[in-house]
Amino acid sequence: ALKPDMALYDRLGVAMDASRDELREAYRRKKHALSKNPTKNTKKIADLKEAYDVLVNDDRRREYDSEVMEQLTNPDFAQSQMPASARGGKAPGVPARKVHGRPAPPTEKVVPVTLEELFTGTTRAVQVDQAVECTSCDGRGGSRKRTCNSCDGRGIVMHMEHMGFFMRPVAIHCPDCEGEGRFIAPADRCKSCAGRRNLVLTQTVDLEIPPGATSDFTVNFPGLGNWQPDHDPGLLQIRLEVAPHDRFKRMQNNALVRQGITVIEAICGFKLLLQHLDGRLIEIKSQPGEIIKPGQQMIVPGEGFPGFRSAERGDLWICFDVDMSIPASMLTPEVIARVRAALPPGPVAPGAADDTQEADLTHGGAGFGAGADEEHRGYAHDEDDDGDEGPFGGGGGPFGGGGPRVQCAHQ
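These lines cover the structure that appears in this document, whether it is placed above or below. Just so it is clear, the model here is predicted, and its values are computed rather than measured.

1. Re the sheet that holds strand β15 (residues 316-323)
Phase 1: Across the sheet, which stays open at both edges, the four strands sit in the order β10-β11-β15-β14 with mixed pairing between neighbours. In the strand order of this sheet, the two ends are held by β10 (248-251) and β14 (297-300), each with one partner. Each neighbouring strand pair of the sheet contributes to a mean axis angle of 30°, computed without reference to strand direction.

Written out as structure tokens, the structure reads:
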């Protein structure tokens, strides 16, 4: 294995993580020692100055360090292929190629999708904005950087903050240079990126959403994330976010929907068409002689969401909202008498006692009845609920009943 070439650091006698002050002090000390015999040490003084000029310049030092780190991480890299600066020869002003070595942190983008798209699957053309390295200034932001006077190039300043009745100093990033220790004057800034070091590139990517994908589904696009100085572009992570639907909800792979019917349909039976998330019409009907209770749940097997990363497809759960309102004009004494005759007899009212007090009922609004909070009527559900109760709560609704299967036909 090749020994990492630290020639420029070795000339100054400093470590690779030496600060600017340490470089300056080492250069002055060694130059003073060599100047005692300038005729004999002419080449050594020139080499010392060359090393100092490279390492004291942030951009050239970063380039040199990246080349040294490449040799450290690639021990079989041939010595003849390495740039001259990594061999201790003449340090170049601009490297033959840039080596950043590690990607920037991932860039996340949230894309809203509908339940219809998750049910059927689709391919979306998504527009993304990517910060890329400015080619006009090679990501430097300008032609020249100057030492920040506010922090003396350290990148941090001391800030006094309150701690009870006392004040204590706290180190914070210098606001004038944003913690870099150096800044670019307005006159020296790149005209293309205005000193930001990057440009924004807008492009379109194809996002494939498989059928049954969940709301946390994420697609990775390598190299399309935002660029950062000294980093390669990272991942672009596109995450799905499901928009609320006006009728359907999802619980795991089950599709949930509320369906309204009249009191006549609840008692005498019904047959209706239900439009599913993929546009199909599903014919559903009650069993002969079956009375649908308010909040009762029924299941259409195998009509839920396709299985995502599994072969199991969910079911379609239907919760029936029964409209109990009947016009008062229809409830004549004759109609009431015929209804009573057709229905089983109700409980016998107890006889009035001597101390019985008669009271009148009035309408109380939506306190506990229709129009009240659905959670009070047992309709609340959680999409992540794994319990044995129905997805609409209450083990089949507040008025009893489980989740019988309902007949269906497709159109």
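Next comes the rest of the account.
2. Points about the pattern of salt bridges
When charged atoms on two side chains of opposite charge get close, those side chains can pair.
Phase 1: Tallied over the entire structure, the rule returns 16 salt bridges.
Phase 2: R11 is paired through a salt bridge with E50; the nearest N and O atoms lie 3.0 Å apart. In this pair, R11 is assigned in helix α1 (residues 7-12) and E50 in helix α3 (residues 42-55), connecting sequence segments 39 residues apart.
Phase 3: Measuring nitrogen to oxygen at the nearest pair gives 2.8 Å for the salt bridge that ties D53 to K49. With D53 and K49 both in helix α3, this residue pair falls four residues apart, about one helical turn.
Phase 4: Through salt bridges with shared partners, a single ionic network connects D59, E63, D138 and R140.

3. Overview of the environment of D10
Phase 1: Within the secondary structure, D10 is located in helix α1.
Phase 2: Judged by relative accessible area, D10 falls into the exposed class, the value being 54%.

4. Observations concerning the packing of helix α2 (residues 20-34) against α3
Phase 1: It is at 10 Å that the axes of α2 and α3 come closest, and there the two elements cross at 170°. When the axes of α2 and α3 are compared, the pair comes out roughly antiparallel. In this structure, α2 uses L23, R24, Y27, K30, K31 and L34 to contact α3, whose residues at the interface are K44, I45, L48, K49, Y52 and L55.
Phase 2: Residues of the contact of α2 with α3, tallied by class, amount to seven nonpolar, no polar and five charged.

5. Considerations on a nonpolar patch on the surface
Phase 1: Where nonpolar side chains cluster on the molecular surface, the patch consists of I326, M330, L331 and I336 and spans about 340 Å² of accessible area.
Phase 2: Counting through the fold element by element, I336 comes out in helix α7 (residues 333-342).
Phase 3: Judged by its relative accessible area of 35%, I336 falls in the partly exposed class.

6. Things to note about the side chain of T107
Phase 1: Following the sequence through the fold, T107 ends up in strand β1 (residues 107-113).
Phase 2: Judged by relative accessible area, which is 17%, T107 ranks as buried.
Phase 3: Within the structure, the side chain of T107 is placed 2.9 Å from the backbone nitrogen of N226, a separation counted as a polar contact.
Phase 4: Those residues in contact with T107 that lie beyond four places of it in its chain are G225, N226, L235, L236 and Q237.

7. Describing the packing of aromatic side chains
Phase 1: All chains considered together, the criterion is met by three aromatic pairs.
Phase 2: Consider the rings of F119 and F305, whose centres lie 5.3 Å apart with planes at 75°: the pair is edge-to-face. Of this pair, F119 sits in helix α5 (residues 115-120) while F305 sits in the loop between β14 and β15; the two residues are 186 residues apart in sequence, bridging distant segments of the chain.
Phase 3: Taking relative accessible area as the criterion, F305 reaches 0% and is therefore assigned buried.
Phase 4: For R250, the ring lying beneath its charged end belongs to F305, and the centroid distance is 4.2 Å.

8. Details of the sheet that holds strand β8 (residues 218-221)
Phase 1: Taken in spatial order, the three strands make up an open sheet running β1-β9-β8, and their pairing is mixed. Looking at strand neighbours, the two that pair on one side only are β1 and β8, the edges of this open sheet. Direction aside, neighbouring strands of the sheet carry axes that sit 25° apart on average.
Phase 2: Direction of pairing for β1 relative to strand β9 (residues 236-242): parallel, over a ladder of seven bridges. When the sheet's bridge partners are listed, V110 is paired in β9 with R239.

Conventions and cut-offs
Residues numbered from 1 in each chain as written. Predicted model: local features only at pLDDT ≥ 70, side-chain atom pairs only at ≥ 80, totals over all residues. Heavy atoms only, no water. Pairing = 2+ DSSP bridges. Helix = DSSP H or I, 4+ residues; strand = E, 2+ residues; numbered from the N terminus. Axes fitted to C-alpha atoms, helices over the stretch in contact; angles between N-to-C directions. Salt bridge = Lys/Arg side-chain N within 4 Å of Asp/Glu carboxyl O. Buried < 20%, exposed > 50% of the residue type's maximum accessible area, 1.4 Å probe, protein only. Parallel < 35°, antiparallel > 145°, perpendicular 65-115°, else oblique. Contact = heavy atoms within 4.5 Å. Nonpolar A, V, L, I, M, F, W, Y, C, P; charged D, E, K, R; others polar. Patch = residues over 30% accessible without salt bridge, like charges linked within 9 Å, V, L, I, M, F, W, Y side chains within 5 Å. Areas by Shrake-Rupley, 256 points an atom, 1.4 Å probe, with all protein chains shown as cover. Polar contact = N/O pair within 3.5 Å; in protein donor to acceptor, adjacent residues only side chain to side chain. Phe/Tyr/Trp six-rings, centres within 6.5 Å; stacked < 30°, edge-to-face > 60°. Lys NZ or Arg CZ within 6 Å of the ring centre and 35° of its normal.

Treat this as a map of the structure, not an account of what it does.
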